[in-house]
Structures are given as C-alpha cells and as structure tokens.
Amino acid sequence: MKVDVHAVNFNVDGKLVDFIQERLDKLEKYYDKVVRADVYLKVEKTSEKENKIAEIKIHVPGDDLLVKKQCKSFEEAVEQSAESLERLLVKRKEKIRTHI
C-alpha cells in the first residue's frame, strides 16, 4: 500500500515514517482492497501534553475512511488510529459480503 506522510509545519523523522508504513501495511490483513493512505501529522499549540494529532485517510474503492486521534506522541496517535481503522475495515468487509 502507498502511504503518504504529510507533516504540517515541521520535519518528520525517518524512523516515524517507517513506523507509520509498517503499521498501516498491517491493515491489508483486514481489507485487501486498500488503495492508499494519507497521514497528516500536526502539533497543536496548547499547554496540554496531548498535543500530537494524527489524521489518517484511507482510500478504498468507492469510499474514503478518515480517523483522527490526539495523543502524547505521534506513535501512540498512529497506533490508536490504526486500531480504529481495523474495526472500520472489518465492518466494511462484512457489509460488502452481505450484499453479494
């Protein structure tokens, strides 16, 4: 799967890009028709520690799935987003199976 990582107003580390790629590649186990993923990483300027935002948009035939999580680290935000996407992809796969 092609993964595009977009860091808003900062430079992203290579290790983080590798982590995101590995984690999102696992989504293909749940739904094999994923075309590509766009990952947007943002830092919110607040006094709170949970100021890292990961927004993941998954492109599947006929639809786009969007998940947004805010955590203390980008890794944690990506992990939580990926878990949510896993659930969404499983639901989508079951829904498609019932229509066939």
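See the structure shown above.
Residues numbered from 1 in each chain as written. Predicted model: local features only at pLDDT ≥ 70, side-chain atom pairs only at ≥ 80, totals over all residues. Heavy atoms only, no water.

## Re the overall build of the protein chain
In step 1: Secondary structure assignment for the protein chain yields two helices and four strands.
In step 2: Secondary structure elements in the protein chain, listed N-terminal to C-terminal, are β-α-β-β-β-α.
In step 3: Relative to the globule expectation of 13 Å for 100 residues, the C-alpha radius of gyration of the protein chain, 14 Å, shows essentially globular dimensions.
In step 4: Seen along its three principal axes, the alpha-carbon backbone of the protein chain occupies a region of about 50 × 25 × 20 Å.
In step 5: Residue pairs at least 24 apart in sequence account for 51% of intrachain contacts in the protein chain once pairs closer than 6 positions are excluded.
In step 6: Total accessible area computed for the protein chain in this model is approximately 6,400 Å², and 48% of it derives from carbon and sulfur atoms.
In step 7: Seen as two clouds, the 21 positive and the 20 negative side-chain charges of the protein chain have centres 3 Å apart. (Helix = DSSP H or I, 4+ residues; strand = E, 2+ residues; numbered from the N terminus. Rg over C-alpha atoms; globule rule 2.2 N^0.38 Å. Contact = heavy atoms within 4.5 Å. Areas by Shrake-Rupley, 256 points an atom, 1.4 Å probe, with all protein chains shown as cover. Lys, Arg positive; Asp, Glu negative; His and termini not counted. Charge placed at Lys NZ, Arg CZ, Asp CG, Glu CD.)

## Quick look at the pairing of strand β1 (residues 2-7)
In step 1: Where β1 and strand β2 (residues 36-43) come together, six bridges link them in parallel fashion. Its bridge partner lying in β2, Lys 2 is registered against Arg 36.
In step 2: For the crossover that starts at β1, traverses helix α1 (residues 14-25) and ends in the parallel β2, the hand is left-handed. (Pairing = 2+ DSSP bridges. Right-handed = clockwise from strand over helix to strand, strands pointing away.)

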